[in-house]
Amino acid sequence: MQIQKCYQSKARGKRALPGALAILFILCALLASEAAAARKKVLFIAGHPSHSNGEHEFRAGCMLLAKAINDSGLDIEAVVHSYDWPKDESIFEGVDAVVIYADAGGPIRNKLTFLDEKVKAGMGIMFMHYGVHPPKQIGQDYFLDWIGGYFETGWSVNPHWIADLAPKANHPVGNGIDKPVKAYDEFYFNMRFPTDCDECYPLVTASPQPDRMVRYINLWNEHGDAAFGKPQALMWCRDPKSGGRGIGFTGGHYHKNWAIDDFRKLALNSIVLLARGEVPATGVPSQPLTQEHLNANLDRPKPGEVLPLPDGSELTQKPMARPQDPANYGRKGKTKPKASKAKKKARKSNKAKAAAPDAASPQAWTRPLLSSDKERLVQVELMVKGLKEIY
């Protein structure tokens, strides 16, 4: 009888074993599910090509940053969608942060309501370089609420200059960065910020100086002059208590700057923050970029031309003389006096003369490029006797 009881007990144990395994399997599945839910997901949206090789390399830049995130060992993953808006919007499911690196605010004009709902539901959103320059109305209606600032034509400026990027003190964006990061880029500044935003603040600043201005270009204005010597936010954020975080970063014109370790770390730290992840004390780790890494996935690579790694020479460029009277600058609201009929007639005559080359003159010819021209390209004609081939 005792032996029988013992046998029955063992039998019951055998019957209980599958049930215990089932419970263990369910617990493991729950833990895996919780881990997956805790894992952050970042979506990069890269814009179309728009500049020459090595500039505005949105796709290649996104791919470099996404790979660094995926190889970091942190509980975060990144995917890249290139060019147009994703046709399958299910790609946004579970996304904690979206980074838009594209021209003129990116391909969002028909998706503003969609993005606004996502941000209000908690998705972080970041715009980089030309991405922070949307049409003014979109900037006012959406960017101020999403990221706390934007580039406004006539107010902001876009010179190419050498900046000492200083991260906000005692803030995770600067983790692992011991000193200001020196870089040459088209760093926009004097952004349009809200005047009453307690949850908006600079993440990275630099003070523009005339002797650091390498190139003044088309959108320079008097506000740029007024900003000399004053700290300017080149990366900033809006950090609301509810809803998604927002970040803007004006750098990223020159692709090779991603090969500057601390420049890259600033961006990676900010992206982890954007997703409400934890930035390691030493910053987001990433491997140094080689020339092969830098030249991978370029939009318009030129045969035989290889983008060089930064060597410091870009930081020794001489400053450009400040424009004395850029277009629409210095007029202070005064209207331009109307030209007299005689001047208009003379101007029309000069244009007509410029439009017709002298057939007897065998030389390269082009008509003048006029400020009133909508198209900024002109045709060049060559008239050379005996010409058979052009090299």
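Residues numbered from 1 in each chain as written. Predicted model: local features only at pLDDT ≥ 70, side-chain atom pairs only at ≥ 80, totals over all residues. Heavy atoms only, no water.

The next point concerns the confidence of the model for the chain. Mean pLDDT for the chain: 84, with 73% of residues reaching 70 or above. In this model, residues 357–374 is a region of pLDDT below 50 whose contacts with residues beyond four sequence positions or in other chains number 32 contacts. (pLDDT = per-residue confidence, 0-100. Contact = heavy atoms within 4.5 Å.)

The interhelical angle for the contact between helix α3 (residues 112–120) and helix α4 (residues 136–146), taken along N-to-C directions, is 20°, at an axis separation of 11 Å. Classed by the angle they form, the pair α3 and α4 counts as roughly parallel. Handedness of the α3/α4 crossing: left-handed. Contact residues: α3 offers L112, L115, D116 and V119, while α4 offers I138, Y142 and W146. The residue makeup of the contact of α3 with α4, split by class, is six nonpolar, no polar and one charged. (Axes fitted to C-alpha atoms, helices over the stretch in contact; angles between N-to-C directions. Helix = DSSP H or I, 4+ residues; strand = E, 2+ residues; numbered from the N terminus. Parallel < 35°, antiparallel > 145°, perpendicular 65-115°, else oblique. Left-handed = near helix turned anticlockwise from the far one by under 90°. Nonpolar A, V, L, I, M, F, W, Y, C, P; charged D, E, K, R; others polar.)

Here helix α2 (residues 58–70) contains 13 residues, and its C-alpha end-to-end distance of 18 Å stays within 8% of the 18 Å for a straight helix at 1.5 Å per residue. Among the residues making up α2, those that are buried are F58, A60, G61, C62, L64, L65, A66, A68 and I69. Here the buried face of α2 lies against β1 (40–46), β2 (76–82), β3 (97–101), β4 (124–128), α6 (261–274) and α7 (291–294). (Expected span 1.5 Å × (residues − 1). Buried < 20%, exposed > 50% of the residue type's maximum accessible area, 1.4 Å probe, protein only.)

It is worth spelling out the state of the cysteines at this point. Chemically, a disulfide is nothing more than a covalent bond linking the sulfur atoms of two cysteines. All told, the structure shown has one disulfide when counted by the stated rule. In this model C197 forms its disulfide with C200; the gap between the sulfur atoms is 2.0 Å. Note on the C197 and C200 pair: the S-S dihedral is about 65°, so by sign convention the disulfide is right-handed. Judged by relative accessible area, C197 falls into the buried class, the value being 15%. (Disulfide = S-S within 2.5 Å.)

This paragraph deals with the environment of D262. Tracing the chain through its elements places D262 in helix α6. Since its relative accessible area comes to 25%, D262 is described here as partly exposed. Once the C-alpha coordinates of D262 and G283 are considered, the two residues, 21 residues apart in sequence, prove to be 9.4 Å apart. Beyond its immediate stretch of four places on either side in the chain, D262 contacts G176, I177 and V181.

A separate point is the packing of aromatic side chains. Aromatic ring pairs are described here by two measures, namely the spacing of the ring centres and the angle between the planes. A full pass over the atoms with the stated rule returns 19 aromatic pairs. With a centroid separation of 5.3 Å and an interplanar angle of 25°, the aromatic rings of W85 and F92 are classed as stacked. Among the residues examined, W85 registers a relative accessible area of 11% and is labelled buried. Between F193 and W236, the ring centres sit 5.4 Å apart and the planes meet at 80°, which makes this aromatic pair edge-to-face. Highlighted residues: F193 in the loop between β6 (181–185) and β7 (200–206) and W236 in strand β9 (residues 232–238), separated in sequence by 43 residues. Accessibility expressed as a relative area gives 33% for F193, which makes it partly exposed. Linked through ring pairs, W161, F187, F189, Y216, W220 and F228 together constitute an aromatic cluster. One cation-aromatic arrangement involves R192 over W155; the distance from NZ or CZ to the ring centre is 4.0 Å. (Phe/Tyr/Trp six-rings, centres within 6.5 Å; stacked < 30°, edge-to-face > 60°. Lys NZ or Arg CZ within 6 Å of the ring centre and 35° of its normal.)

For the rest of this paragraph, the subject is the pattern of salt bridges. This model, assessed by the stated rule, comprises 16 salt bridges. Between E314 and K256 there is a salt bridge, and its shortest N-O distance comes to 3.6 Å. Of this pair, E314 sits in the loop between α7 and α8 (341–354) while K256 is found in the loop between β10 (246–249) and α6, placing the two residues 58 residues apart along the sequence. It is possible to trace a salt-bridge network through shared partners that takes in R39, D75 and E77. (Salt bridge = Lys/Arg side-chain N within 4 Å of Asp/Glu carboxyl O.)

Bridge count between strand β5 (residues 160–167) and β7: two bridges; the pairing is antiparallel. Bridged to A166 within β7 is T205. By the bridge criterion, six bridges tie β7 to β9 in an arrangement that is antiparallel. Each bridged residue has a counterpart across the sheet, and for T205 the counterpart in β9 is A233. (Pairing = 2+ DSSP bridges.)

Moving on: the packing of α2 against α6. Closest axis-to-axis distance for the α2/α6 pair is 11 Å, and the angle between their directions is 65°. Taken together, α2 and α6 sit at an angle that is classed as roughly perpendicular. Handedness of the α2/α6 crossing: right-handed. Across the interface between the two elements, L65, A68 and I69 from α2 touch R264, A267, L268 and I271 from α6. Classifying every residue of the contact of α2 with α6 gives six nonpolar, no polar and one charged.

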